[in-house]
Amino acid sequence: MITLHRKLKLRDLEIFQVVRNGTIISYVVIEDTRNPFTEEDKKLDPLCYMDEEDINAILNVFRMSIVNDEKLNEEDSDFITSFFSDFVNNTNLTNFIIKEYIQEDLYDYEVNIQFFNKILKNIGSNYIIEEFDKRNWIYLSQD
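These numbers were taken from a predicted model, which means no experiment stands behind them.

1. A few points about the overall build of the protein
Okay, so step 1: Looking only at helices and strands, the protein features four helices and five strands.
Okay, so step 2: Against the globule reference of 15 Å for 143 residues, the protein gives a C-alpha radius of gyration of 16 Å, in line with a compact fold.
Okay, so step 3: The dimensions of the protein, computed from C-alpha atoms along their principal axes, are 45 × 35 × 25 Å.
Okay, so step 4: The 143 residues of the protein split such that 37% are buried.
Okay, so step 5: If you take every contact in the protein between residues at least 6 apart in sequence, the share linking residues at least 24 apart comes to 57%.
Okay, so step 6: Summing over all exposed atoms, the protein offers an accessible surface of approximately 9100 Å²; the carbon and sulfur share of this is 48%.
Okay, so step 7: Counting 15 positive and 28 negative side-chain charges, the protein places the centres of these two groups 6 Å from one another.

As C-alpha cells, this is what we get:
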C-alpha cells in the first residue's frame, strides 16, 4: 500500500514523502513558480513540439520533482508521475513539468529545513526555506 505524508506546506512549495509498506520510496517537491515556461523548459519533450503561441499563453508553471536515492523502477515512476499529475488543474493558463532526480545521500539526513534546502538545491530550485521559530511550524503546515 502506498501512502503520502506531506512534510512541508508553504505558500508556493509542498514536499511529500511517498511511502510503500512503511518504507520511503521517494520525495516529491511541488513548486508553484508563478512564472511561464523558461526557454530551457520549452526544449523539453513534448513542449518542443508545441506551437510557440500555445506555450507562451501559459502564465503559470508548476514544477514537480520526484527525488529518490536511486532510479525508480518503471512501475513506481509511472505511478508517482500519474498520481501527482492530478494535483494540478491544467488550463490554457496553467501547466506543469515533472522531472525525476537522483540524490544518492537522500536518506542520510534528518528531515528538517536543511534537509529540504539540500533537496531544493539538488533539483535546481531557486527556492530557499528560511529558518523560522519552531512555534510557527504548526501554522505553516496548516496553511
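2. Let's talk about the pairing of strand 1 (residues 2–9)
Okay, so step 1: Pairing analysis gives seven bridges linking strand 1 to strand 2 (residues 13–20), with the strands arranged antiparallel. Counted as the bridge partner of His5 is Gln17 from strand 2.
Okay, so step 2: If you look at the hairpin formed by strand 1 and strand 2, you'll find three residues sitting between the two strands.

3. Let's talk about the pattern of salt bridges
Okay, so step 1: What the rule picks out here adds up to eight salt bridges.
Okay, so step 2: Salt-bridge contacts for Asp41 lead to Arg63; the nearest nitrogen and oxygen are separated by 2.5 Å. With a gap of 22 residues between them, Asp41 in the loop between strand 3 (23–32) and helix 1 (52–57) and Arg63 in strand 4 (residues 60–68) connect regions that are remote in the sequence.
Okay, so step 3: For Asp41, a relative accessible area of 3% translates into the label buried.
Okay, so step 4: Taking the relative accessible area as the measure of exposure, Arg63 reaches 23% and is therefore partly exposed.
Okay, so step 5: Asp105 is paired through a salt bridge with Lys118; the nearest N and O atoms lie 3.5 Å apart. In this pair, Asp105 is assigned in the loop between strand 5 (94–102) and helix 3 (113–122) and Lys118 in helix 3, connecting sequence segments 13 residues apart.
Okay, so step 6: Residue classification places Asp105 among the partly exposed residues on the basis of a relative accessible area of 21%.

4. So, the sheet that holds strand 5
Backbone-to-backbone hydrogen bonds pair the strands of a sheet. The strands run either parallel or antiparallel.
Okay, so step 1: In spatial order, the strands read 1-2-3-4-5; together these five strands make up an open sheet with mixed pairing. The strands lining the two open edges of the sheet, one partner per strand, are strand 1 and strand 5. The average angle at which neighbouring strand axes cross in this sheet is 20°, direction not considered.
Okay, so step 2: The pairing of strand 3 with strand 4 spans six bridges and is antiparallel. Bridging across to strand 4, Val28 finds its partner in Ile66.
Okay, so step 3: Here helix 2 (residues 74–85) sits on the sheet in contact with strand 1, strand 2, strand 3, strand 4 and strand 5, set at roughly 35° to strand 3.
Okay, so step 4: Where helix 3 meets the sheet, it contacts strand 1, strand 2, strand 3, strand 4 and strand 5, and its direction lies at approximately 70° from that of strand 3.

5. Regarding the layout of surface pockets
Okay, so step 1: Roughly 380 Å³ of volume is contained in the largest pocket.
Okay, so step 2: Lining the largest pocket are 18 residues, with Glu31, Thr33, Arg63, Gly124 and Ser125 positioned closest to its centre.
Okay, so step 3: Every element with two or more residues in the lining of the largest pocket is listed here: strand 4 and strand 5.

The rules behind these values
Residues numbered from 1 in each chain as written. Predicted model: local features only at pLDDT ≥ 70, side-chain atom pairs only at ≥ 80, totals over all residues. Heavy atoms only, no water. Helix = DSSP H or I, 4+ residues; strand = E, 2+ residues; numbered from the N terminus. Rg over C-alpha atoms; globule rule 2.2 N^0.38 Å. Buried < 20%, exposed > 50% of the residue type's maximum accessible area, 1.4 Å probe, protein only. Contact = heavy atoms within 4.5 Å. Areas by Shrake-Rupley, 256 points an atom, 1.4 Å probe, with all protein chains shown as cover. Lys, Arg positive; Asp, Glu negative; His and termini not counted. Charge placed at Lys NZ, Arg CZ, Asp CG, Glu CD. Pairing = 2+ DSSP bridges. Salt bridge = Lys/Arg side-chain N within 4 Å of Asp/Glu carboxyl O. Axes fitted to C-alpha atoms, helices over the stretch in contact; angles between N-to-C directions. 1 Å grid on protein atoms, 1.4 Å probe; cavity = no way out; pocket = protein on both sides within 12 Å on 5 of 7 lines; lining within 4 Å. Points joined across faces, edges and corners; volume = space filled by probe spheres on them.

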